[in-house]
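One letter stands for each residue in the lines below.
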Amino acid sequence: MGLCGTPEIHCLQSVPLRSGVLRHEIFYWLGRHATQVSLIFLIQLLNLDCDSFTNISFAIQDDITATAIKAIELDAALGGRAVISREAENYETDRFLSYFKPCFMPLNDMHSYNDQGNGRYQVRLFKCNGRHVAHVKEVSFTRASLSHEDIFILDTEFKIFQFNGANTDIYQRAKAMDVVKYVKDNFHKKDCSVAVIEDGKFVADADSGEFWGFFGGYAPLGRRSDGEGHSENNYNKASLLCVFEGQTKKIEGSVLTRDLLSSNKCYILDCGTEYFAWVGRDSSLEERRTMITILEGLIALHDNSVGIRLTCAIEGFEPREFKLKFQSWPANTAVPISENGRGKVAVLLKHKGFNVKGMLKAAPIKQDISSLNRSGKIQVWHVNNSDKFTEPASNHGKFFSSSCYIVLHTFPGDRKDDYIIYSWIGHGSLSDTRTLTASSVAELASSLKGAVEVLVFESKEPSHFTALFPKMLVIKDENIGVGERLFQVQQTGPRTWQAVEVEKDAKSLNSSGCAFLLLETRLILWFGKFSTVEEQEAAENLAYFLQPDAESTMSLKEGAESELFWEILGGRKVHPSHREPKENAKDPQLFSCRIMKGQLQLIELFNFTQNDLLSDEVLVLDVHTDVYVWIGQSVSSKLKLMSFEIGQKFAEQAARYDGRSLENPLYKIEEGHEPVFFKSFFQWDDSKAMKHLDVFQKKVAAVKGQQADTARRPMRRHSISGFESPTEILSTIDRGRASRNTVAKPQSSPEKSRAPKPKYGNGRSPGSKSSAVSALSSMFEFQGSRDANTTPKLSSVRTRHESVSATPSPSLGSSPRTPRPVASPRSPAIAALASMFEPYSDKKLDFAWPGSRPKSEEKVSRDFDVHIPRTTKEAKLVETLELKNGEESSPKQPIEALKDVKNGDVKYYPYERLKVSSSNPISGIDSSKREAYLSNQDFQDTFRMDRETFYKLPKWKQDKYKILMDLF
């Protein structure tokens, strides 16, 4: 959206919530020179059926204070539920900008964008920043406006330039490219081209010369000194003012609590550079007008009054940022809401000829959540104190409150197996049990790349968890055959049922359901008068699932109970007749997580889409009943380890300000492995998730009309199909933990370490090396100078980025041989190189990299400890054992890069950014050791060997591998 000059604008945004109620947000926007201006009401109505938008406007001559009063009156007409925000030019909030896609562009003059009256096109320079929303500002067309910290768009008549500051990232550049596309599509009648200029890259091309020519030639840029930026709010100095009967009074107190606010008054919260207004539901309209007038007067006293933010909310509809100013905030209570205002505004708009469909009546949004794939394999481990054992399939669905359980669900995905690991925490479980469960799940997840981790508490199980168990029992302790127990039956899904042990009391019964009593070896079924036949059958099945060897069974209907039955339950008592409705998910909120000075900071992303899931961020998706922590691929290892801690801190904050339970399910999801229940909160496009490409380069190619290479690197995930039994996974973890706590002895080294290795993979003579290297060298000499934008491709050697044929490459255990590729001019060199690395013993492999194991050792490669890097001490011990056993070792070099990574001195980066030809290269690294910045898993996937094996190779062979992988 492009705007000319500096008018004031009113925006009313109506959004349907999941409950069907419309949420209103009113914005009034002030230009830098706004005084006596036209007031424009932009009312955006969402048609619930076809998502059409209607814009209306009418003019009123008024000043800023009167504009704020009109906003208060508009809220009252809508029934008093809107959040009112004061926005100012160049100080717009992300919430306001999120409603304008792709951008909001205030202009410095009152002319239209490209109509200057003299027939000449006015060249404009815009400063653009922001990762999730674009903050666009028109700046003076001089070289002094340019900086290294921002992105600039130079709009000329025949070409649009995007200048990327050296200190900007690809997501800022991608968002700025959206602005470039918007300008090109809307303000250029003629065809114009797009050029990208990179700050700090001195490339002698025509675009760079043309760009700097507009500024009188190239000159170094200075540091940004415009002083622009939003000052941080000082929450410690916040003061509360009460507005009542036209007077203001400061509320004394060192701590802000909800009890200080009264429903028949209005309040002003002064936070220094930001003001909040709270309107009591019983306050009069005149008091609200007085409050907003006082507020505008307070704002006018500031030197930079235009940049002061103001948010006004009515009781019951307070935004999250307002609640956080208080020490705590109780759970929302039901407040009366009038629906008459919606009809009044609708009648006014209909009289003016506008379509008001969707405003008169709102219907609840139907949730179309795809069901999780319930096929596949389910494995359950029972954890109690320091014991962990596998549950047989006959006991799947039985959970004891005194224990914890690990449930691994393996099911076929789009490419390979997908995994979800559930940690079920019983209310009566001890801290040692929970600690062992958490550590076991962490090691299990590290071995199953991309596994979704879910923390589930008793009585808070999500539907996709209960769907795995058609019959589910929650039992207080393991002494099932002792004493008398009462179980309440409830439905958890379309065909799934649950029986939960409750207090043995008549109050625990419910006329809308069923229950059963377990009397050691006898069963008594109780059917409520409002229960269905299906519920009664489910109660009987669950009772026999708990006690299959019951000697006798008795069925009782409500009203026909025996005195013995009531005597067991402690006498007749009044019990409920209706079930409490289950809490449903509310409108999702997405937050970006940052660690600032050791503190967790959450920044809300408004009107979010799938495009807001950026690979270098940790995001929290809050749906009120569940908390999802989404981890991007490029997130640092330190932040990845803190993901569950971030989710728990968020849950604690939600419990303090929204009154939620601390036991709501908590999820850990990695980018590229999103489950269907997470995707359901987005308009998910699998093609976006499948394509792996620099997001900025992808958008540049789209704007220029070029075809972008969107091939994704093949996902290499481990399959658990090779395990002989369900217990092998966690038992392997236990063996690995035990082996790490003991010191290896030379006489107990495994047999495979004593087996001598062949000198050259396939036993060939050293002469074959020289011929292959000569052929390879001649190939590179034939290339001349290596192009920085291309990577040598092999036609007979498979890498992790391309396959030798159009058909999927077989796994290690498959038998079909890959078809032979068509010969190319490089074939002699490649063939000579490939002859050096023929398979050791498994002839089904087309190419055996150093470190590959034959099929007989495949089971060892799936061991969990393979993925845990050895310490330097362990690596030296293995090296000593090999020398003592007479094994010929290859020439070695100091493994400095490996040591640095293990000591945590080197940060891991994605392979795509470490390549020599990367469009977004990493700066400040040792370019001769690019491989050292790969994570352990990426290193294995890239070179098909671990670090230790790689650094044992001769230096020349390491360099050849790095050249092939574009890391040299």
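Calculation rules
Residues numbered from 1 in each chain as written. Predicted model: local features only at pLDDT ≥ 70, side-chain atom pairs only at ≥ 80, totals over all residues. Heavy atoms only, no water. Helix = DSSP H or I, 4+ residues; strand = E, 2+ residues; numbered from the N terminus. Buried < 20%, exposed > 50% of the residue type's maximum accessible area, 1.4 Å probe, protein only. Contact = heavy atoms within 4.5 Å. Areas by Shrake-Rupley, 256 points an atom, 1.4 Å probe, with all protein chains shown as cover. Pairing = 2+ DSSP bridges. Axes fitted to C-alpha atoms, helices over the stretch in contact; angles between N-to-C directions. pLDDT = per-residue confidence, 0-100. Left-handed = near helix turned anticlockwise from the far one by under 90°. Nonpolar A, V, L, I, M, F, W, Y, C, P; charged D, E, K, R; others polar. Expected span 1.5 Å × (residues − 1). Disulfide = S-S within 2.5 Å. Salt bridge = Lys/Arg side-chain N within 4 Å of Asp/Glu carboxyl O. Core = buried A, V, L, I, M, F, W, Y, C linked by side-chain atoms within 4.5 Å. Phe/Tyr/Trp six-rings, centres within 6.5 Å; stacked < 30°, edge-to-face > 60°. Lys NZ or Arg CZ within 6 Å of the ring centre and 35° of its normal.

Along the protein chain, the regular secondary structure elements total 27 helices and 34 strands. Each of the 968 residues in the protein chain was classed as buried or not, and the buried ones make up 47%. In the protein chain, the share of contacts with a sequence separation of at least 24, taken over all contacts with a separation of at least 6, comes to 67%. Total accessible area computed for the protein chain in this model is approximately 47,800 Å², and 51% of it derives from carbon and sulfur atoms.

Here the focus is the sheet that holds strand 31 (residues 599–605). Judged by pairing direction, the sheet is mixed, and its ten strands sit side by side in the order 19-18-21-22-23-34-33-32-30-31 without closing on themselves. The open sheet is flanked by strand 19 (387–390) and strand 31, the only strands paired with a single partner. With strand direction ignored, the average angle separating the axes of adjacent strands in the sheet is 20 degrees. Of the pairings in the sheet, the one linking strand 18 (residues 377–384) to strand 19 comprises four bridges and is antiparallel in character. What sits directly across from N384, in strand 19, is D387. Each of strand 18, strand 19, strand 21 (404–412), strand 22 (417–425) and strand 23 (452–457) is contacted by helix 8 (residues 431–447), which is oriented at about 20 degrees to strand 21, the strand it contacts most.

Averaged over all residues, the pLDDT of the protein chain is 74; the fraction at 70 or higher stands at 66%. Contacts for the low-pLDDT stretch residues 229–235, under 50 throughout, to residues beyond four places or in other chains number eleven contacts. The low-confidence segment residues 742–904 (pLDDT under 50) makes 203 contacts with residues lying over four places distant or belonging to another chain.

Next up on the list: the packing of helix 1 (residues 64–77) against helix 5 (residues 285–300). Contact geometry of helix 1 with helix 5 gives a least axis separation of 9 Å together with a crossing angle of 145 degrees. Considering only the axes of helix 1 and helix 5, their crossing is right-handed. Contacts between helix 1 and helix 5 involve I64, T65, A68, I69, I72, E73 and A76 from the first element and L285, R288, R289, I292, T293 and E296 from the second. Of the residues contributing to the contact of helix 1 with helix 5, the split by class is seven nonpolar, two polar and four charged.

A few words on the side chain of K668. Mapped onto the elements of the fold, K668 is located in strand 34 (residues 666–670). In this structure K668 comes out as buried when scored by relative accessible area, which is 17%. Apart from the residues lying within four places of it in its own chain, the contact partners of K668 are A451, V452, E453, V629, I631, K640, S643 and F644.

Attention now moves to helix 1. The α-helix winds at 3.6 residues per turn, so residues separated by three or four positions along the chain end up facing the same way. The terminal C-alpha atoms of helix 1 lie 20 Å apart, and with 14 residues this matches the ideal 20 Å at 1.5 Å per residue to within 8%. Directly after helix 1, the chain includes G79, whose backbone phi takes a positive value near 100 degrees.

What follows deals with the state of the cysteines. Inspection of the entire model under this criterion finds zero disulfides. Unpaired in terms of disulfides, C103 finds its nearest cysteine sulfur in C128, a separation of 7.7 Å. Among the residues examined, C103 registers a relative accessible area of 1% and is labelled buried.

Strand order across the open sheet formed by seven strands is 20-24-26-25-27-28-29, with mixed pairing between neighbours. Unpaired on one side and paired on the other, strand 20 (398–400) and strand 29 (552–557) mark the two borders of the sheet. Going across the sheet, the axis of each strand differs from the next one's by a mean of 20 degrees, ignoring polarity.

Moving on, we come to the pattern of salt bridges. Under the criterion given, the structure shown has 32 salt bridges. Here E453 makes a salt bridge to K668, at a shortest N to O gap of 3.6 Å. Of the two residues, E453 sits in strand 23 while K668 sits in strand 34, which places them 215 residues apart along the sequence. Like K668, E453 is buried. Connected via shared salt-bridge partners are K70, E73, E286 and R289.

It is worth spelling out the pairing of strand 33 (residues 627–631) at this point. Extensive coverage of strand 33 is indicated by the burial of five of its five residues. Residues V627, V629 and I631 of strand 33 are buried on one face, and the alternating residues Y628 and W630, pointing to the opposite face, are buried as well. Where strand 32 (residues 618–622) folds back onto strand 33 in an antiparallel hairpin, the turn is made up of four residues, including H624, whose phi is positive at roughly 75 degrees. As judged from the five bridges shared by strand 33 and strand 34, these two strands associate in the parallel manner. Residue pairing in the sheet places I631 in a bridge with E670 of strand 34.

F516, L621, Y628 and F678 are the most contacted members of the largest nonpolar core, which has 54 residues in total. The leading source of residues in this core is helix 10 (residues 533–546), at six residues. Beyond its immediate stretch of four places on either side in the chain, L621 contacts P588, Q589, L590, F608, D626, V627, Y628, F678, F681 and F682. If you look at the next biggest cluster of nonpolar residues, it comprises 29 residues, including C404, I421, L436 and L444.

Position of F591 relative to the elements: it lies in strand 30 (residues 589–596). The class for F591 is buried, based on a relative accessible area of 0%. F591 sits 29 residues away from V620 along the chain, and the two C-alpha atoms are 5.1 Å apart. Apart from residues lying up to four places away in sequence, F591 is in contact with R320, L602, I603, E604, V618, L619, V620, D622 and F650.

We now examine the environment of S254. Within the secondary structure, S254 is located in the loop between strand 14 (247–251) and strand 15 (266–270). The spacing of S254 and A238 is 16 residues in sequence and 9.7 Å in space, taken between C-alpha atoms.

Turning next to the environment of A219. Here A219 lies in the loop between helix 4 (206–213) and strand 13 (239–244). Spatially, the C-alpha atoms of A219 and R143 are 8.4 Å apart, while their sequence positions differ by 76 residues. Setting aside chain neighbours within four positions, we find A219 in contact with R143 and W212.

It is worth spelling out unusual backbone geometry at this point. With an omega of 5 degrees, the peptide bond running from K101 to P102 counts as cis. Its identity is not glycine, yet R944 carries a phi of approximately 60 degrees, on the positive side. Take R944: it is sitting in the loop between helix 25 (936–943) and helix 26 (947–951). The exposure class of R944 is partly exposed, given its relative accessible area of 21%.

We now examine the packing of aromatic side chains. Scanning the entire structure with this criterion turns up 46 aromatic pairs. When the centroid spacing of 5.6 Å and the interplanar angle of 50 degrees are considered together, the rings of Y667 and F677 count as tilted. On the criterion of sequence distance, the pair formed by Y667 in strand 34 and F677 in helix 14 (residues 676–679) is long-range, its members being ten residues apart. Note on Y667: relative accessible area 0%, which makes it buried. Positioned above the aromatic ring of F244, the side-chain terminus of K265 is 5.1 Å from the ring centre. The residue whose ring lies beneath K398 is F545, and the NZ or CZ to ring-centre distance is 5.0 Å.

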